[in-house]
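Chain by chain, the residues run as shown.
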Amino acid sequence: MSETTLVLIKPGGVDRNLIGEITRRIEARNLKVVGLKLFRAPRETVETHYEEHRGKGFFEPVVAYLTSGPVVAMAVRGTNAVRAVRTMMGATNPVDANPGTIRGDFALTIDDNLTHSSADPEAAERELALWFSEGLPF
Ligand code: CDP
Ligand code: MG
């Protein structure tokens, strides 16, 4: 079933010049980029995005990380896109991420794990509405 998911390239990924590499992998998988922007995310957007983690020890650090520089927000569409992209990212903690995944190939620490992707279709719908409140071009 065709799904649309949200991918974020976090400031660490932008700083490491990995926009092209990450986007290349997504497109090579036959997933379509249907929304794309590079900008500095407002703190409010990031806090809403990570609302489920509010109160946890890493909440403030991860919000600080996501607002520390520009991010790429991408809407990605294709068959089983949510799970497919999630698998491509690898485990949240890069030391547990398999080689061949983005985190497994390019990241070492959980506080700088380079990417976000929606965990399930419900999260994808909520996150796309948050990051692309203006709607998608197609
Ligand atoms: O991003 P993902 O859905 O894989 O993981 P999460 O458990 O929803 O955590 C959200 C983000 O918070 C992670 O991607 C990390 O950037 C950050 N985090 C962290 O810095 N330290 C932790 N112990 C857990 C999460
Ligand atoms: Mg998550």
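As a reminder, the structure under discussion sits directly above these lines.
All of these numbers come straight from a predicted model, not from anything done at the bench.

What counts and how
Residues numbered from 1 in each chain as written. Chains lettered and ligands numbered in written order. Predicted model: local features only at pLDDT ≥ 70, side-chain atom pairs only at ≥ 80, totals over all residues. Heavy atoms only, no water. Helix = DSSP H or I, 4+ residues; strand = E, 2+ residues; numbered from the N terminus. Rg over C-alpha atoms; globule rule 2.2 N^0.38 Å. Near = heavy atom within 4 Å. Polar contact = N/O pair within 3.5 Å; in protein donor to acceptor, adjacent residues only side chain to side chain. Areas by Shrake-Rupley, 256 points an atom, 1.4 Å probe, with all protein chains shown as cover. 1 Å grid on protein atoms, 1.4 Å probe; cavity = no way out; pocket = protein on both sides within 12 Å on 5 of 7 lines; lining within 4 Å. Sits in = over half its atoms within 2 Å of the grid points. Nonpolar A, V, L, I, M, F, W, Y, C, P; charged D, E, K, R; others polar. Points joined across faces, edges and corners; volume = space filled by probe spheres on them.

Draft legend 1. Inspection of the overall build of the protein chain at higher detail. A tally of regular secondary structure across the protein chain gives 7 helices and 4 strands. Along the protein chain, helices (α) and strands (β) appear in the sequence β-α-α-β-α-α-β-α-α-β-α when read from the amino end. Its C-alpha radius of gyration of 14 Å places the protein chain within 12% of the 14 Å reference for a compact globule of 138 residues. For the protein chain, the C-alpha atoms occupy an extent of roughly 35 × 35 × 25 Å along the three principal directions.

Draft legend 2. View of the site of ligand 1. With respect to spatial proximity, the complete set of residues near ligand 1 consists of Lys10, Tyr50, His53, Phe58, Val62, Arg86, Thr92, Arg103, Ile110, Asp111 and Asn113. Measuring from an oxygen atom of ligand 1, one finds a side-chain N or O atom of Lys10 at 2.9 Å. Compared with its free state, where it exposes 500 Å², ligand 1 has 79% of that area covered by protein. Structurally, ligand 1 is housed in the largest pocket. Residue composition of the shell around ligand 1, grouped by class: 4 nonpolar, 3 polar and 4 charged.

Draft legend 3. Summary view of the layout of surface pockets. Volume-wise, the largest pocket comes out at about 490 Å³. In terms of lining residues, the largest pocket is bounded by 22 residues, among which Lys10, Tyr50, His53, Phe58 and Thr92 are the most central. Only α4 (59-66), β4 (115-117) and α7 (121-131) provide two or more residues apiece to the lining of the largest pocket. Broken down by class, the residue content of the lining of the largest pocket amounts to 8 nonpolar, 7 polar and 7 charged.

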